[in-house]
Structure formats: structure tokens, C-alpha cells
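Each chain, letter by letter, is given below.
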Amino acid sequence: MNNYHLYEEIGHGKFSTVYKGRKRYSISYVAVKSIEKSRREKFMTEVGILSNTKHVNVVGFVNWYETRNHLWIIFEYCVGGDLLRLLKQDGRLPEEQVRRFSYRLRMLTQFY
Ligand SMILES: Nc1ncnc2c1ncn2[C@@H]1O[C@H](COP(=O)(O)OP(=O)(O)OP(=O)(O)O)[C@@H](O)[C@H]1O
């Protein structure tokens, strides 16, 4: 984890916090998810799936780490956040946009 600078929190789950990060000595920005060690099984499942998935519609996996108190996943940083945030901010989406998102999700389910 010494390879990354951590900036502000950009989201959180029940057992995790997600920060904006930057790889040291570079201008590569990432999302850094810190997870409680009690959630190791879920963490390993998430790492297993993401590290074996390379798809334009799935957030890119970079690496994972373990420190004394936490497990960490480094992801590609999605500037726009997630779909839920978009819906909360914009309310109902125009039909055309719903169609675009649905198409991407459909591509993904075909991939699996
Ligand atoms: N790669 C990313 N880029 C930008 N924001 C992200 C990224 N990953 C996660 N986030 C933000 O962090 C929030 C929480 O992340 P995520 O959905 O992965 O947690 P979770 O799996 O629900 O966590 P938990 O299992 O602890 O409940 C997302 O809703 C999103 O706002």
C-alpha cells in the first residue's frame, strides 16, 4: 500500500470504505477499497472474479494488498461514480440513456 497516496473518501459499503488514490510517482488515479479483515471470504471472492475479468463494461482490477488491519483492492477509478449515485442526482433517466445502460449490462451478462 506504500505505492499509493490516498485522497478523499469517494464511497463506502457496509464493511468497506473507498478512497480516491494515486500511484506514487505517476499521474495514474485509482479507486482504493479498504475492507475489514472479518470479510476475508467476500474479499477473496471479489478479487477472484475481478482479477479474471477483463471487459470494457467491468471496472478494471489493478491489485490487492493486505496490511495489519485491513484488506485492500485497487481498482480503475470511475470518475462518474456508480449508477445509483447518478440516479440519486438526476432522478429519472431519459429513455435513450436507459437503453444505452441496458445494452451494456446485456453485453456483460452474455460475457458471463
Ligand atoms: N472504481 C471506483 N471508482 C469510483 N467510485 C467507486 C469505485 N468503486 C467503488 N466506488 C464507490 O464506492 C461505493 C462503494 O463501493 P462498492 O459498491 O464496491 O462497495 P460494496 O461492495 O457495497 O461494499 P460492502 O461489501 O462493504 O457493503 C460505490 O457505491 C461507489 O460510489
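Position numbers for residues count from 1 along each chain, tracking the sequence in the order it is written. The model is predicted, so local features are restricted to residues of pLDDT at least 70 and side-chain atom pairs to those at 80 or more, both for listing and for counting; the totals for chains, interfaces and linings are taken over all residues. Note that the side-chain values use all heavy atoms of the structure and ignore hydrogens as well as water.

1. A word on the overall build of the chain
Test applied: Secondary structure elements follow DSSP: runs of H or I of four or more residues count as helices, runs of E of two or more count as strands, with numbering from the N terminus. Each residue gets one of three labels from its accessible area relative to the maximum for its type: buried under 20%, exposed over 50%, partly exposed in between, using a 1.4 Å probe on protein chains only. Only the protein chains shown count as cover for residues, and all accessible areas are computed by the Shrake-Rupley method using a 1.4 Å probe. This count recognises Lys and Arg as positive and Asp and Glu as negative, with His and chain-terminal groups excluded. Working definition for charges: the position is that of NZ of Lys, CZ of Arg, CG of Asp or CD of Glu.
Scanning the chain for helices and strands turns up three helices and five strands. Counted from the first residue to the last, the chain has its helices and strands arranged as β-β-β-α-β-β-α-α. For the chain, the proportion of its 112 residues judged to be buried stands at 23%. Counting only carbon and sulfur atoms, one obtains 53% of the accessible surface of the chain, whose full area is about 8300 Å². Measuring between centres, the 19 positive side-chain charges of the chain sit 3 Å from its 11 negative side-chain charges.

2. Quick word on the UniProt feature "binding site: ATP" (unreviewed entry) in the chain
Counted only if it meets this: UniProt positions are given in the numbering used here, feature names are shortened, and annotations may be inferred rather than shown by experiment. Here, two residues are considered to be in contact whenever any of their heavy atoms come within 4.5 Å of each other.
Those places that UniProt annotates as "binding site: ATP" (unreviewed entry) correspond, in this numbering, to Lys33. Within the element layout of this structure, lysine 33 appears in strand β3 (residues 29-36). On the accessibility criterion, lysine 33 (13% relative accessible area) is buried. When residues no more than four places from it in sequence are discounted, the contact partners of lysine 33 are Ser16, Thr17, Val18, Glu46, Leu71, Trp72, Ile73 and Phe75.

3. So, the pattern of salt bridges
A side chain with one charge may pair with a side chain of the opposite charge, provided their charged atoms come close. Spelled out, the test is: Definition used for salt bridges: Asp or Glu carboxyl oxygen within 4 Å of a side-chain nitrogen of Lys or Arg.
In the structure shown here, the tally under the stated rule is six salt bridges. Across the pair lysine 33 and glutamate 46 runs a salt bridge, and its minimum N-O distance is 3.1 Å. Taken together, the residues lysine 33 in strand β3 and glutamate 46 in helix α1 (residues 40-51) connect sequence positions 13 residues apart. Each member of the pair lysine 33 and glutamate 46 is classed as buried. The closest approach of N and O atoms between glutamate 96 and arginine 99, which form a salt bridge, is 2.8 Å. On the criterion of helical spacing, the pair formed by glutamate 96 and arginine 99 is a turn pair, its members being three residues apart in helix α3 (residues 95-111). According to the relative accessible area criterion, arginine 99 is partly exposed, its value standing at 45%. Connected via shared salt-bridge partners are Lys33, Lys42 and Glu46.

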